[in-house]
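# Chain and residue survey
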Amino acid sequence: MLERELRLLVEEEAVKEVLVTRRPQGGYLIQINGRTLKSARREERHFARLDTAADLLNRFGIALFTVSTAAPSAGAAPLAG
């Protein structure tokens, strides 16, 4: 999913789930409704820092999201507390 597609989802109020996931190699990925955010040059858009990913989501008007330290395909369970 490219940023222009994310903008359309936000405009249509169709964003249901936002997940920021820590990559095993370091950095973070953003997944919207199960689809990974892409850049124009890469299959996945990587963010070196969590606050950078949060700033991008904030620019799109997304204030609430889940952060996971598990790999994207691992299906991490919520923390019990």
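Preceding block: the structure.
Residue positions are counted from 1 within each chain, in the order its sequence is given. Only residues with pLDDT of at least 70 get local features here, since the model is predicted, and only at 80 or more are side-chain atom pairs given and counted; chain-wide, interface and lining totals rely on the full set of residues. To obtain the side-chain values, all non-hydrogen atoms of the structure were used and water was disregarded.

### What to know about the sheet that holds strand β4 (residues 66-68)
Worth spelling out the cut-off: Should DSSP find at least two bridges between two strands, the strands are taken to pair. Starting at the N terminus, helices and strands are each numbered in turn, a helix being any DSSP run of H or I of at least four residues and a strand any DSSP run of E of at least two. Here a residue-residue contact requires only that any non-hydrogen atoms of the pair lie within 4.5 Å. Only the contacting stretch of a helix is used when fitting its axis, a line to C-alpha atoms as for every element, and angles between N-to-C directions run 0 to 180 degrees.
Judged by pairing direction, the sheet is mixed, and its four strands sit side by side in the order β3-β2-β1-β4 without closing on themselves. The outermost strands of the open sheet, each flanked by one partner alone, are β3 (35-36) and β4. Pairing of strand β1 (residues 18-22) with strand β2 (residues 28-32), which is carried by five bridges, proceeds in the antiparallel orientation. Considered in β2, the bridge of Val 20 is made with Ile 30. Sitting on the sheet, helix α2 (residues 50-59) is in contact with β1, β2 and β4, with an inclination near 30 degrees to β2.

### Some points on α2
For clarity, the threshold we go by: Summary of the burial criterion: residues with accessible area below 20% of their type's maximum are buried, those above 50% are exposed, and those between are partly exposed, where the area comes from a 1.4 Å probe applied to protein chains only. Read the arc as the range of directions from the helix axis to the C-beta atoms.
Restricting attention to buried positions, one finds in α2 the residues Ala 53, Leu 56 and Leu 57. Here the buried residues of α2 occupy an arc of 100 degrees about the axis, which is enough to place them on one side. Along α2, the residues that are exposed and aim more than 90 degrees away from the buried face are Asn 58 and Arg 59. Against α1 (3-11), β1 and β2 lie the buried residues of α2. Phi turns positive one or two residues past the end of α2, at Gly 61, with a value near 85 degrees.

### Notes on the side chain of Arg 23
Quick reminder of the rule: In this count, Lys and Arg are taken as positive residues and Asp and Glu as negative ones, while His and the chain termini are left out. We define a salt bridge as a side-chain nitrogen of Lys or Arg found within 4 Å of a carboxyl oxygen belonging to Asp or Glu.
Its location among the elements puts Arg 23 in the loop between β1 and β2. The buried charged residue Arg 23 lacks any salt bridge, with Glu 44 as its nearest oppositely charged partner at 4.5 Å.

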